[in-house]
Amino acid sequence: MPVSREEFVAIMSAFPTGVAIVTTLDADGTPRGLTTNAVTSVSADPPILLVCVDRDSRTLPALVARKRFVVNFMRDDHEAVCRVFASKADDKFADVAWTAGRDGVPVLHEGAIAHAECETLDELVIGDHVVVTGLVVGGDAPAESDVPIVYVNKAYAPAPTPPTA
Ligand SMILES: Cc1cc2nc3c(=O)[nH]c(=O)nc-3n(C[C@H](O)[C@H](O)[C@H](O)COP(=O)(O)O)c2cc1C
């Protein structure tokens, strides 16, 4: 017998993660996106990452249809943007700065310290989520001084910074 959903969520709360906003475009070119922490590097050569998206996500149909997405890795002081993209707001992009990247997919500037532009390789339905793997075809790395935001125990916090020599 598997553990309950609540027990599973409680167990996983022991695992701090970064926070990323996954963006894409729907059929009529409207930007869509959601806050995620189920993002993992899969392969370095070729460069592949994965993101797990709830089957109830309103962004998922656009993600599946477009086959292009951007993973925007979020900055320590941008909890508010993460909260907007974790909501069901109709226009999540109203108050964030973004530009159209490769294939027109939104790249967030405000609040993102790095991003990865992806072409979908595979989609795998597992339980109540869809695992989407993406080949990374572009992006930007963070600057040395950039601090990512982390999520642990249902709270956002700045990632620890390396000690200075
Ligand atoms: C820190 C954090 C991490 C999240 N990670 C994920 C995730 O990895 N996958 C997912 O499908 N939803 C995740 N969610 C929930 C979605 O952001 C939330 O359900 C959102 O409303 C989905 O928006 P949409 O329905 O417009 O796509 C996360 C929420 C938070 C606060």
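Here the residue numbering is sequential within each chain, running from 1 through the sequence in written order. The model is predicted, so local features are restricted to residues of pLDDT at least 70 and side-chain atom pairs to those at 80 or more, both for listing and for counting; the totals for chains, interfaces and linings are taken over all residues. Values shown for side chains rest on all heavy atoms present in the structure; no hydrogens or waters enter the calculation.

A single heavy atom is enough: if one lies within 4 Å of a molecule or strand, its residue is considered near that molecule or strand. Not every one of the 19 residues close to the ligand is listed here, only the nearest: Asp54, Ser57, Arg58, Thr59 and Lys88. Each polar contact in these results corresponds to two N or O atoms within 3.5 Å; when the atoms are within protein, one needs to be able to donate a hydrogen and the other to accept it, and residues that are neighboring in sequence are counted only if both atoms are side-chain atoms. Within the backbone of cysteine 52, a nitrogen or oxygen atom sits 2.8 Å from a nitrogen atom of the ligand. Between an oxygen atom of the ligand and a main-chain N or O atom of serine 87, the distance comes to 3.0 Å. Alone, the ligand offers 650 Å² of accessible surface; in the complex the protein occludes 84% of this. Only DSSP runs of H or I covering at least 4 residues are called helices, and only runs of E covering at least 2 are called strands; the numbering of each starts at the N terminus. Elements represented by at least two residues in the shell around the ligand include exactly β3 (31-36) and β5 (47-54). Calculation of accessible area relied on Shrake-Rupley with a 1.4 Å probe; when residues are assessed, cover is drawn exclusively from the protein chains displayed.

A few words on empty space enclosed by the protein. Cavities and pockets were defined on a 1 Å grid built from protein atoms only: a cavity is a group of points that admits a 1.4 Å probe but offers it no way out, a pocket is an open group of points flanked by protein on both sides within 12 Å along at least five of seven lines, and a lining residue is one with an atom within 4 Å of any such point. Grid points are joined across faces, edges and corners, and a volume is the space filled by probe spheres set on the points. Tallied over the full model, the rule gives one cavity of 30 Å³ or more. Its volume calculated, the largest cavity comes out at about 40 Å³. As for the largest cavity, its lining consists of Arg68, Phe69, Val70, Arg102, Asp103, Val105, Glu117, Cys118 and Val137. Elements represented by at least two residues in the lining of the largest cavity include exactly β6 (68-74) and β9 (112-126). Counting residues per element, the lining of the largest cavity draws most heavily on β6, which supplies three residues. Under the scheme applied here, ten amino acids are nonpolar (Ala, Val, Leu, Ile, Met, Phe, Trp, Tyr, Cys and Pro), four are charged (Asp, Glu, Lys and Arg), and all others, including Gly, are polar. Partitioning the lining of the largest cavity into residue classes produces five nonpolar, no polar and four charged.

A few words on the packing of aromatic side chains. Geometry of aromatic contacts follows a simple scheme: Phe, Tyr and Trp rings, the Trp one being its six-membered ring, pair when their centres are within 6.5 Å, and the pair is stacked under 30 degrees between planes, edge-to-face over 60, tilted otherwise. Summed over the entire model, instances satisfying the criterion amount to three aromatic pairs. Ring geometry for phenylalanine 85 against phenylalanine 93: centres 5.0 Å apart, planes inclined by 90°, an arrangement best described as edge-to-face. With respect to burial, phenylalanine 85 and phenylalanine 93 carry one shared label: buried. Relative to tryptophan 98, the ring of phenylalanine 93 lies with its centre 5.7 Å away and its plane at 70°, an arrangement referred to as edge-to-face. Under the scheme applied here, a residue whose accessible area is under 20% of the maximum for its type counts as buried, over 50% as exposed, and between as partly exposed, the area being computed with a 1.4 Å probe on protein chains only.

All right, on to the state of the cysteines then. In this description, a disulfide is simply a cysteine sulfur pair whose atoms lie within 2.5 Å. Across all of its chains, the model carries zero disulfides by this definition. With no disulfide of its own, cysteine 52 lies closest to cysteine 118 among cysteine sulfurs, the gap being 13 Å. A relative accessible area of 3% means that cysteine 118 is categorised as buried.

Salt bridges are identified by distance alone: a Lys or Arg side-chain nitrogen within 4 Å of an Asp or Glu carboxyl oxygen. What the rule picks out here adds up to seven salt bridges. Salt-bridge contacts for arginine 58 lead to aspartate 90; the nearest nitrogen and oxygen are separated by 3.7 Å. Pair noted here: arginine 58 is in the loop between β5 and α2 (60-66) and aspartate 90 is in the loop between α3 (79-85) and β7 (98-100), with a separation of 32 residues, a long-range link. There is no split in this pair, since arginine 58 and aspartate 90 are both exposed. Put simply, arginine 75 and aspartate 146 hold a salt bridge, and the shortest N to O gap is 2.9 Å.

To continue, consider the environment of alanine 100. As for its position among the elements, alanine 100 is in strand β7. Look at alanine 100 and you get exposed, because its relative accessible area is 55%. Once the C-alpha coordinates of alanine 100 and valine 39 are considered, the two residues, 61 residues apart in sequence, prove to be 22 Å apart.

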